[in-house]
Every structure is written in structure tokens, then in C-alpha cells.
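A look at the structure
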Amino acid sequence: MIVRGLYKNREGKVITCYRKKYCIYVDNVVREKATSAKVNVPIHPSNCVIMKLKLDKDRKALLERKDRSREIKGKFTEEEVAMADVD
């Protein structure tokens, strides 16, 4: 769902994600050119809200793998910090 800009309150699926230009293309957001050809309009991702993620088993595994790597990287837990104050 687009929350800001000219195409506010429109919903649709994300067709493509152009990471180099920092924009996404949404299904129902189309503009007509002078030659009457329909062209998708780029939207900045900060102006959108993702309502539903498509998660298959590979994407879930990727997210779980990323989660595990964050926990291991030398972060202190609350218990370790409390034990450091005991001395």
C-alpha cells in the first residue's frame, strides 16, 4: 500500500524492485505516455507499506540464518550485564 505521494492509498503487488535506483514498481500504478503506451511508475520504498510477505521455505531459511548470525556477534545478554555488576 502506498502511503505518500501522488499515488496515495493505492494497493497492488510489487512487480519489481530496482535496488540501484532505490525504487519499486507496483502492479496498479501505471501512467500513460504520449504514445498511449502504459508505463509502470517508480515509487520510493519509504513511501510504501508492505502488507503481506511471500515466504516460501527458502526465504524462511534465509531469514532464520540471518537471525542466528545477529545473536552470535558478541552481543551481551541482560544476564551477562547483570553478572558484570555483581563484582
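A few points on the structure. (Residues numbered from 1 in each chain as written. Predicted model: local features only at pLDDT ≥ 70, side-chain atom pairs only at ≥ 80, totals over all residues. Heavy atoms only, no water.)

**Thoughts on the overall build of the protein**
The criterion, for reference: Numbering goes from the N terminus for both helices and strands, where a helix is a DSSP run of H or I of at least four residues and a strand is a run of E of at least two. Partly exposed residues are those whose accessible area sits between 20% and 50% of the maximum for their type, while under 20% is buried and over 50% is exposed, using a 1.4 Å probe and protein chains only. Contacts were defined at the residue level, with two residues in contact if any of their heavy atoms lie within 4.5 Å.
Within the protein one finds two helices and three strands. Ordered by position in the sequence, the α and β elements of the protein form the string β-β-β-α-α. For the protein, buried positions account for 11% of its 87 residues. Contacts in the protein between residues far apart in sequence, at least 24 positions, make up 25% of those at least 6 positions apart.

**Quick notes on the nonpolar core**
Which entries qualify depends on this criterion: Here, nonpolar core refers to any group of buried Ala, Val, Leu, Ile, Met, Phe, Trp, Tyr and Cys residues whose side-chain atoms link them within 4.5 Å.
In terms of nonpolar packing, the biggest core is built from eight residues, these being I2, Y7, I24, V26, V29, V41, I43 and C48. By residue number, the principal contributor to this core is strand β2 (residues 23–32), which donates three residues.

**Details of the pairing of β2**
Inclusion rule: Think of it this way: DSSP has to see at least two bridges between two strands before they count as a pair.
As judged from the four bridges shared by strand β1 (residues 14–18) and β2, these two strands associate in the antiparallel manner. What sits directly across from V14, in β2, is V26. Relative to strand β3 (residues 38–43), β2 is paired through five bridges, and the arrangement is antiparallel. Bridge pairing links V30 to N40 in β3.

**Concerning the environment of V30**
As for its position among the elements, V30 is in strand β2. Once the C-alpha coordinates of V30 and N40 are considered, the two residues, 10 residues apart in sequence, prove to be 4.6 Å apart. Leaving out residues up to four positions away in the same chain, V30 has contacts with K38, V39, N40 and V41.

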